[in-house]
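In case you want the letters, here they are:
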Amino acid sequence: MSIPDPYGAVPDWPKVSATIAEDGTAEVTINGSPRTVLTGGGDVDQARAAVLEHLSVQTAGLGRPLRVETVDPDGHSLLVVHPDGRVLPLDEQPADSTARAWEQVAPGPVPGSARRPKLGRSKHGPLRDALGARTAGSEALAPSPAPESPGEFVATEPASSKTTPIIAPGERITASGLPIRPTVSATTAAATPTAAAPASPVTSTAPVAPATPVAPPTRVAPATPVTSAAPGTSAIPTIPEPSATNRMAKELGVPQPKPTLPDLLATRPPAPNGPALDGWQGLVRRVTGGLVSPTPGPAELEYREAVASVQRSLRGPKTVVVVNPKGGANKTTASLLIAATFGMHRGGYTLAWDNNETRGTLGWRANPARHTNTAVDLLRDLDRFTDVRSSRVGDLDNYVRSQGSAQFDVLASDEDAASAASIDDVAFDQLHKALARFYRVLVVDTGNNMRASNWQAAVNAADQLVIVSTIREDTAASAAWLADGLASVGKADVVHNAVTVLSSPGRKPDPALHDRLHAHFGSLTRVVLDVPHDPALVSGGPITYDALSAQSRTAWLRVTAAIADGL
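What counts, and at which threshold
Residues numbered from 1 in each chain as written. Predicted model: local features only at pLDDT ≥ 70, side-chain atom pairs only at ≥ 80, totals over all residues. Heavy atoms only, no water. Helix = DSSP H or I, 4+ residues; strand = E, 2+ residues; numbered from the N terminus. Buried < 20%, exposed > 50% of the residue type's maximum accessible area, 1.4 Å probe, protein only. Areas by Shrake-Rupley, 256 points an atom, 1.4 Å probe, with all protein chains shown as cover. Contact = heavy atoms within 4.5 Å. Patch = residues over 30% accessible without salt bridge, like charges linked within 9 Å, V, L, I, M, F, W, Y side chains within 5 Å. Salt bridge = Lys/Arg side-chain N within 4 Å of Asp/Glu carboxyl O. Core = buried A, V, L, I, M, F, W, Y, C linked by side-chain atoms within 4.5 Å. Phe/Tyr/Trp six-rings, centres within 6.5 Å; stacked < 30°, edge-to-face > 60°. Pairing = 2+ DSSP bridges. Axes fitted to C-alpha atoms, helices over the stretch in contact; angles between N-to-C directions.

Asker: Sorry, what's going on with the overall build of the chain here?
Answerer: Counting its regular elements, the chain contains 17 helices and 20 strands. Expressed as a percentage of the 567 residues in the chain, the buried residues total 42%. Working note: accessible area of the chain is about 28,400 Å², and carbon and sulfur atoms make up 56% of it.

Encoded structure:
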């Protein structure tokens, strides 16, 4: 018989979400304040258990269930986490209730205890399954058998047998029909007779007769010895009388969470916007010497938000891969300007890397260095950078080309016309592993051969794919072919999360083609952004970020912010 849920409908406040990454990182966000409950290095199941343990404490302190939106490698779910440890899909949460007070709910096993069932899977989602049988109906509220002393045996009934509440003198019966027993000593508990309860709770002391044959005994070895129960006594654990201040937390054995410094910092109001620097608002402030200081306008606020996105904290080094299998699609220009935008706003630790299998032009479009070393030379000397005890970031200066005030480096592809050297997938993986130790963001410019092993290795390593094209039929068709090819080999999710960048080949692009490309790639990728034609990029020589128009710099900032949002 199912027991009506004692909480009924669950409000949608506070806003709670939980995100679990494939590396085992778990983050819980409550009303916009994120908290990492498990760092990477574990597995997804451990991360789910950590999320549930954290949310169990929160529900105990709040005094009611929480509605939680979860995102993990297996998908998206809307769940309800209860103070007694149960987890239900939101669409299965009963709308009616028979009781709402904490003292009317019988506890399940303590969240996070050693008695937690093994993590499992079902149609309801992994987070709900992490508590196993506790996600069921009335069985979720059934108390667990009390541990016996070492060497004792506990008889367990078959799962199909129906049990009735067993009460003793001094016990109370909850609204759900389960007993809450006052705290007694082990000796007193052993001497207390038990009684069989009929359908309605009574306090008679008639002997208990098992309804069905019992299963073979199972040996239980608890961590700490306790006095075994006398024959005929109940196996239901002793539950202390709940306090008036927080009854359910006492019943669950969950300590009340104490506020910490992160909790205090999370309650701070948002930082005020600084004075206006641009537009007429900035002009008025400068003319009046700050006596009149208007708030920033919408355009400046949008700019500041984009900068904040680029500057966000990242979980480890990230790889951005720029692709289009046609030459002249603006890959090299995009790679350099994305790296420059990251470098200028993040303060360095950014690399633009030409991953052509033979020769690319990224090194030619960058500012030159005193040396002509390339990725081939770095690969030959890579042993110098694989020893974490002796490798130094300064030694990379002999292989990469610093871009000065743009605060990023360039690793060029092979520029020797007589060389037969090439970069394959193994070489790419070795270089990527070494370079990720020294750079936070790696922007990889790719070649035109989708079948090349190093091209495929770069796409496999991508945290964010960027599909670039000019607003031309041929380059756009090549980009669409690329998206179809990746989807056909199982990378539809990579395409779906990609950023599409459309560059104008002239001052006035074809408006009909522009709209067609936005409609097509808008249905394939996460976002489609435009960058304008800039005369400073036409010559094909080294690209100087400061020479770009203000419109171009703003457009590439929007592109880079969208990329950062996907990292």
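Asker: Is there a simple way to think about the side chain of Ser309 in this case?
Answerer: Turning to its location among the elements, Ser309 is positioned in helix 7 (residues 298-310). With residues up to four places along the chain from it excluded, the contact list for Ser309 reads Ala561, Ala564 and Asp565.

Asker: In this structure, what is going on with a nonpolar patch on the surface? I would like to understand it.
Answerer: Taken together, Leu261, Leu264 and Leu265 make up a surface patch of nonpolar side chains, about 300 Å² in accessible area. The topology assignment puts Leu265 in helix 5 (residues 261-266). The partly exposed category is assigned to Leu265, whose relative accessible area is 38%.

Asker: Just checking my understanding: could you explain the nonpolar core for this structure?
Answerer: One recurring pattern in soluble globular proteins: nonpolar side chains tend to sit buried together. Formed by 46 residues in total, the largest nonpolar core has its most connected members in Trp353, Leu378 and Leu435. If you tally residues by element for this core, the top one is helix 14 (residues 473-488), at six residues. Beyond its immediate sequence surroundings of up to four residues, Leu435 is in contact with Leu351, Trp353, Leu378, Leu396, Leu411 and Leu442. In terms of nonpolar packing, the next biggest core, distinct from the first, is built from 40 residues, Val307, Leu337, Val443 and Leu548 among them.

Asker: What's the story with the pattern of salt bridges in this structure? I'm lost.
Answerer: Applying the stated rule across the entire model yields 15 salt bridges. Of the charged contacts in the structure, one is a salt bridge between Asp395 and Arg384, with a shortest N-O distance of 4.0 Å. Of this pair, Asp395 sits in the loop between helix 11 (383-386) and strand 15 (401-402) while Arg384 sits in helix 11; the two residues are 11 residues apart in sequence, bridging distant segments of the chain. Among the residues examined, Asp395 registers a relative accessible area of 18% and is labelled buried. Of the charged contacts, one joins Glu473 and Arg516 as a salt bridge, the two residues approaching to 2.7 Å between their closest N and O atoms. Highlighted residues: Glu473 in helix 14 and Arg516 in helix 16 (residues 511-522), separated in sequence by 43 residues. For Glu473, a relative accessible area of 46% puts it in the partly exposed group. Counted as one network, the salt bridges with shared partners bring together Asp45, Arg48, Asp72 and Asp74.

Asker: How should I be thinking about the packing of aromatic side chains in this particular structure?
Answerer: We describe a pair of aromatic rings using the distance from one ring centre to the other and the angle between the two ring planes. Per the stated rule, a full pass over the model turns up three aromatic pairs. Where Trp353 meets Phe428, the ring centres are 4.8 Å apart and the plane angle is 15°; that geometry is what we call stacked. With Trp353 in strand 14 (residues 350-354) and Phe428 in helix 12 (residues 425-435), this residue pair connects regions lying 75 residues apart in the sequence. The pair Trp353 / Phe428 is uniform in exposure class, with both members buried. Within the aromatic cluster, the residues linked to one another by ring pairs are Phe385, Tyr399 and Phe438.

Asker: Is there a simple way to explain the sheet that holds strand 3 (residues 33-38) in this structure?
Answerer: Two modes of strand pairing occur in sheets, parallel and antiparallel, and in both the strands are linked by backbone hydrogen bonds. Taking strand neighbours across the sheet as the criterion, the six strands line up as 3-2-1-4-5-6 in an open arrangement whose pairing is mixed. Every other strand in the sheet has two partners, leaving strand 3 and strand 6 (87-89) as the edge strands with one partner each. Mean inter-strand twist for the sheet, computed between neighbouring axes without regard to direction, equals 30°. The pairing of strand 1 (residues 16-20) with strand 4 (residues 66-72) spans four bridges and is parallel. Its bridge partner lying in strand 4, Ser17 is registered against Glu69.

Asker: For this particular structure, what's the right way to read unusual backbone geometry?
Answerer: When glycine is set aside, most residues are seen to have a negative phi, and most peptide bonds are trans. The residue Tyr349 is not glycine, and still its phi comes out positive at about 60°. Here Tyr349 lies in the loop between helix 8 (331-346) and strand 14. One non-glycine residue, Gln407, adopts positive backbone phi at about 60°. Within the secondary structure, Gln407 sits in the loop between strand 15 and strand 16 (409-411). A residue is classified by how much of its surface remains accessible, and Gln407, at 36% relative accessible area, is partly exposed.

Asker: What is the right way to read the sheet that holds strand 18 (residues 464-470) from this model?
Answerer: The mixed open sheet is built from eight strands, whose spatial order is 15-16-14-17-13-18-19-20. The sheet terminates laterally at strand 15 and strand 20 (527-531), the two strands that pair on one side only. Alignment of strand 13 (residues 318-323) against strand 18, held across four bridges, turns out to be parallel. Within strand 18, the residue paired with Val320 across the bridge is Gln464. Sheet strands in contact with helix 16 are strand 18, strand 19 (499-503) and strand 20, and its direction is about 150° off that of strand 20. Relative to strand 20, helix 17 (residues 550-565) is tilted by about 160°, and along the sheet it contacts strand 13, strand 18, strand 19 and strand 20.

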